[in-house]
Amino acid sequence: MHNLIFSLNAVIPVFLMMLFGWFVRRINLLDDHTTKKINNFVFRTLLPALLFMDLSTADFKSVWDTKFVLFCFLATLGSIGIALLISFFSKDKSERGEFIQASYRSSAAVLGIAFVNNIYGEASMAALMIVGTVPIYNIFAVICLTVTSPERDASSKKGLVKRTVREAVTNPIILGITAGIIWSLLEIPQPFIMSRSISYLGNMATPLSLTALGASFKFSDAKEKIRTAASISFVKLILFCVVFLPPAIWLGFRSEKLIAILVMLGSATTGSCFVMAKSMGHNGAVTACSVMLTTLLSSFTLTAWLFVLKTLNLI
């Protein structure tokens, strides 16, 4: 019961923020133009600030575990590969980029730290998991969304690689991650004014992105995408855990490391997926529906995985 209550406390507020965004759009406090501007603002400023805030203050040197970080990195690559293969079954080619991204990108930065910290009182392993996953999350998201973008001119294949590399290198989220890791490794002190200002920006990222996601959500689109979103939910919340948790256990990962891996593999699709998909020319309906459905279902699936791991005395 404790695990169920914890999962519901972590997930339901996220769902309610999206519902709030949908409500304020319905009563015309937000319109499509404003929502688009909010998405762009979150993507280019608030999300990078959130990741910099989390990573720049992490003590990587004292808790570094190469085997753990490497496993997170390889499991993420494996998840992307599986999502890519499954996406070929999609009849609508324009949805493949959204399908791949929504299938593998978890709420690692936000939920991972909260989840591990709530159970073990500290979140250093979650920070290491972020190092092994979030950069690759965003690099491959840029690649997938660029290659499958409806706005891409099919005749300009020569410039595709150049554009993809440019998008990856200049991606605000990747820049935020890189700056945060470098800042932490160099142990550069942060003046109070700077840290407080960054925390203001970072703390706005999650609620504002979820509000914009809810405001952009259209039930007419969701009805058409529910089957795709259900497929993504199965892959995201169940399949990856079935495939990668046994190797993690076999390699000896326990306690907070195993919890961090569980969050990496089986937590809900992060709302930043929607922000990135919209900012790169995609419709976003598949992503929005997937975020809402995985958010709703993950409270039950995560609780089930926690129960299994606890029963086996692995956590």
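Residues numbered from 1 in each chain as written. Predicted model: local features only at pLDDT ≥ 70, side-chain atom pairs only at ≥ 80, totals over all residues. Heavy atoms only, no water.

**Focus on the overall build of the protein**
Then step 1. Each helix and strand in the protein was counted, giving 14 helices and 0 strands.
Then step 2. Ordered by position in the sequence, the α and β elements of the protein form the string α-α-α-α-α-α-α-α-α-α-α-α-α-α.
Then step 3. Here the analysis covers contacts within the protein between residues at least 6 apart in sequence; of these, 85% occur between residues at least 24 apart.
Then step 4. As displayed, the protein has an accessible area near 14,700 Å², and 67% of this comes from carbon and sulfur atoms. (Helix = DSSP H or I, 4+ residues; strand = E, 2+ residues; numbered from the N terminus. Contact = heavy atoms within 4.5 Å. Areas by Shrake-Rupley, 256 points an atom, 1.4 Å probe, with all protein chains shown as cover.)

**With respect to the nonpolar core**
Then step 1. In terms of nonpolar packing, the biggest core is built from 62 residues, with F68, L245, I261, L262, M264, L265 and M276 touching the most fellow members.
Then step 2. Leaving out residues up to four positions away in the same chain, M264 has contacts with C72, A75, T76, S106, M129, T133, Y137 and K236.
Then step 3. In terms of nonpolar packing, the next biggest core, distinct from the first, is built from 7 residues, M18, L213, A288 and V291 among them. (Core = buried A, V, L, I, M, F, W, Y, C linked by side-chain atoms within 4.5 Å. Buried < 20%, exposed > 50% of the residue type's maximum accessible area, 1.4 Å probe, protein only.)

**Considerations on the packing of aromatic side chains**
Then step 1. Applying the stated criterion across every chain yields a total of 4 aromatic pairs.
Then step 2. Summarising the aromatic geometry, the rings of F52 and W183 are spaced 5.5 Å apart at their centres and angled 80° between planes, so their arrangement reads as edge-to-face. Placement of F52 in helix α2 (residues 32-56) and of W183 in helix α9 (residues 172-185) is noted, with a sequence separation of 131 residues between them.
Then step 3. Overall, W183 belongs to the partly exposed group, its relative accessible area being 21%. (Phe/Tyr/Trp six-rings, centres within 6.5 Å; stacked < 30°, edge-to-face > 60°.)

**Observations concerning the packing of α2 against α9**
Then step 1. Relative orientation of the contacting elements α2 and α9 amounts to 25°, with a least axis distance of 8 Å. Classified by the angle between their axes, α2 and α9 sit roughly parallel to one another. The two elements α2 and α9 cross, and the hand of that crossing is right-handed. Each of F43, R44, L47, P48, L51, F52, L55 and S56 in α2 lies in contact with α9, whose residues at this interface are P172, I173, G176, I177, A179, G180, I181, W183 and S184. (Axes fitted to C-alpha atoms, helices over the stretch in contact; angles between N-to-C directions. Parallel < 35°, antiparallel > 145°, perpendicular 65-115°, else oblique. Left-handed = near helix turned anticlockwise from the far one by under 90°.)

**Description of the side chain of T294**
Then step 1. Inspection of the secondary structure assignment puts T294 in helix α14 (residues 285-311).
Then step 2. A polar contact is formed between the side chain of T294 and the backbone nitrogen of T269, at a distance of 3.1 Å.
Then step 3. The contact partners of T294, leaving out residues within four places of it in the chain, are S233, K236, L237, A268 and T269. (Polar contact = N/O pair within 3.5 Å; in protein donor to acceptor, adjacent residues only side chain to side chain.)

**Describing the packing of helix α12 (residues 255-266) against α14**
Then step 1. The N-to-C vectors of α12 and α14 enclose an angle of 150°; their axes lie 11 Å apart at closest approach. Here α14 runs roughly antiparallel to α12, going by the angle between their axes. Every pair of crossing elements has a handedness; the one defined by α12 and α14 is right-handed. Between α12 and α14, the contacting residues are L258, I259, L262 and G266 on the first element and T301, L302, W305, L306 and L309 on the second.
Then step 2. When the residues that make up the contact of α12 with α14 are grouped by side-chain class, the tally is 7 nonpolar, 2 polar and no charged. (Nonpolar A, V, L, I, M, F, W, Y, C, P; charged D, E, K, R; others polar.)

**As for the pattern of salt bridges**
Then step 1. Tallied over the full model, the rule gives 2 salt bridges.
Then step 2. The shortest N-O distance in the salt bridge between R25 and D32 comes to 3.4 Å.
Then step 3. R25 sits in the partly exposed class, given a relative accessible area of 24%.
Then step 4. Ionic pairing is found between D65 and K257, a salt bridge with its closest N-O pair at 2.3 Å. With D65 in the loop between α3 (60-63) and α4 (66-87) and K257 in helix α12, this pair connects stretches of sequence that are 192 residues apart.
Then step 5. Here D65 falls in the buried class, since its relative accessible area comes to 17%. (Salt bridge = Lys/Arg side-chain N within 4 Å of Asp/Glu carboxyl O.)

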